[in-house]
Amino acid sequence: MTDPDRPKTSTAAALNRLREMILTGELSAQSDHLEAELATRLGMSRTPVREATLVLQGMGLLEVRPRKGVRIKPITIRDMEEVYEILTELESLAAARAAAAGYSADDLMALKEATEEMDAALAQEDRAAWAAADEAYHTELVRLGGNSRVIGIVQMYNDQVRRARAATLDARPLPTASNADHRALYEAILTRDAEGARKIHRRHRIAARKLLTAILSDLGQPYV
């Protein structure tokens, strides 16, 4: 008897593996790949691979070209400018909503722990650990905002941010100012200062965009 969940499971597996290969650079930017090649590398049939590439195209990670396979999209400065414009507005909204929600210190424990992990990583000059904690912080912030549509939109763009951050991590200065912003935002949410939380996070995201795009430019990444 055929398992009705198998196609869905195979597509999810192909999606997760291809996504990770793109984010880690195993499938490098602007490289071309035939569907059959990817299926062979993943050890599965072409159908789930095809379905997975269509999802990844919607996430902005690759381009599906009929009869030519796929091309892994480059990290462009313009893409990051546009993504950060969206994230700046939506995450700042989430920060204000979180502050207005009246959370207790216990409710904010995951946010505090992520802040402490970033501080510990900074003390060790461990940029990879800092990036992981930073991602956890932003994910928790958006969750605390309590708007499911904001959560969905932010999740859709997170992979592009993660990919750009991975490509620039070693070129970044130690993120001391970023950590200070995270601590200030935590305090604003804890003290229920909605407008302060919005302003802190908006300033934080604008500074992050300027830093990221400057590094991408120094690394010779294209604008468009």
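Basis of the calculations
- Residues numbered from 1 in each chain as written.
- Predicted model: local features only at pLDDT ≥ 70, side-chain atom pairs only at ≥ 80, totals over all residues.
- Heavy atoms only, no water.
- 1 Å grid on protein atoms, 1.4 Å probe; cavity = no way out; pocket = protein on both sides within 12 Å on 5 of 7 lines; lining within 4 Å.
- Points joined across faces, edges and corners; volume = space filled by probe spheres on them.
- Helix = DSSP H or I, 4+ residues; strand = E, 2+ residues; numbered from the N terminus.
- Nonpolar A, V, L, I, M, F, W, Y, C, P; charged D, E, K, R; others polar.
- Contact = heavy atoms within 4.5 Å.
- Pairing = 2+ DSSP bridges.
- Axes fitted to C-alpha atoms, helices over the stretch in contact; angles between N-to-C directions.
- Domains from an automatic or database assignment.
- Buried area = accessible area lost by both parts, 1.4 Å probe.
- Salt bridge = Lys/Arg side-chain N within 4 Å of Asp/Glu carboxyl O.
- Polar contact = N/O pair within 3.5 Å; in protein donor to acceptor, adjacent residues only side chain to side chain.
- Parallel < 35°, antiparallel > 145°, perpendicular 65-115°, else oblique.
- Left-handed = near helix turned anticlockwise from the far one by under 90°.

S.K.: Could you clarify how one ought to interpret the layout of surface pockets in this entry?
M.R.: Rolling a probe over the atoms, with the probe sized like a water molecule, indicates the empty space that remains. Volume-wise, the largest pocket comes out at about 490 Å³. If you go around the largest pocket, you meet 29 residues; those closest to its centre are Asp134, His138, Arg165, His204 and Arg205. The set of elements that each furnish at least two residues to the lining of the largest pocket consists of helix H4 (77-100), helix H6 (127-145), helix H7 (148-168), helix H8 (176-190) and helix H9 (194-218). Residue composition of the lining of the largest pocket, by class: 13 nonpolar, seven polar and nine charged. Roughly 170 Å³ of volume is contained in the second largest pocket. Every residue lining the second largest pocket is listed: Glu20, Leu23, Thr24, Ala128, Ala131, Ala132, Glu135, Arg162, Arg165, Ala166 and Leu169.

S.K.: Even after reading the chapter, I still don't get the side chain of histidine 204, so can you show me in this structure?
M.R.: When you line up the elements, histidine 204 lands in helix H9. For histidine 204, the residues in contact, after removing those within four places along its chain, are His138, Ser178, Asp181 and His182.

S.K.: What exactly am I supposed to notice about the sheet that holds strand E2 (residues 62-65) here?
M.R.: Remark on secondary structure: sheet strands pair via backbone hydrogen bonds, oriented parallel or antiparallel. Spatial strand order, E1-E3-E2: three strands in an open sheet with antiparallel pairing. Strands at the two margins of the open sheet, each flanked by one partner only, are strand E1 (32-33) and E2. Two elements, E2 and strand E3 (residues 69-72), share four bridges in a ladder whose sense is antiparallel. Of the residues in E3, the one forming a bridge with leucine 62 is isoleucine 72. Each of E2 and E3 is contacted by helix H3 (residues 46-58), which is oriented at about 130° to E2, the strand it contacts most.

S.K.: How should I be thinking about the domain arrangement of the chain in this particular structure?
M.R.: Reports often express the size of an interface as the amount of accessible area lost when the parts come together. Once the domains are mapped, the chain shows domain 1 (10-72) and domain 2 (77-218). Here the C-alpha centroids of domain 1 and domain 2 sit 29 Å apart. Listed by partner, the interface residues are nine residues for domain 1 and six residues for domain 2. Contact between domain 1 and domain 2 buries roughly 730 Å² in total, counting both sides, with carbon and sulfur atoms accounting for 44%. Considering only the side of domain 1, the residues that lose the most area to domain 2 are Leu23, Met59 and Leu61, jointly responsible for 59% of the buried surface there. Linking domain 1 with domain 2 are two salt bridges, by the criterion used here. The tally of links from domain 1 across to domain 2 stands at three residue pairs in polar contact (both at pLDDT 80 or more).

S.K.: Looking at this structure, how should I read the packing of H8 against H9?
M.R.: Packed helices, taken two at a time, are described by their axes: the angle between them and the distance between them. The N-to-C vectors of H8 and H9 enclose an angle of 165°; their axes lie 9 Å apart at closest approach. Considered as vectors, H8 and H9 are oriented roughly antiparallel to each other. Pair H8 / H9 crosses with left-handed handedness. Residue-level inspection shows Ser178, Asp181, His182, Ala184, Leu185, Ala188 and Ile189 of H8 in contact with H9, the latter providing Gly196, Ala197, Ile200, His201, Arg203 and His204. Along the lines of polarity and charge, the residues of the contact of H8 with H9 split into six nonpolar, five polar and two charged.

S.K.: Help me understand empty space enclosed by the protein, please; the structure alone is not making it clear to me.
M.R.: Inspection of every chain in the model, using the stated rule, returns two cavities of 30 Å³ or more. In this structure, the largest cavity occupies an estimated 70 Å³ of space. For the largest cavity, the full set of lining residues is Gly60, Leu61, Pro74, Ile75, Thr76, Asp79, Met80, Gln160 and Arg163. Within the residue set of the lining of the largest cavity, elements represented by two or more residues are H4 and H7. Looking at the lining of the largest cavity residue by residue, the classes come out as four nonpolar, three polar and two charged. Lining the second largest cavity we find Arg127, Trp130, Leu169, Arg172, Pro173 and Pro175. Looking at side-chain class alone, the lining of the second largest cavity contains four nonpolar, no polar and two charged residues.

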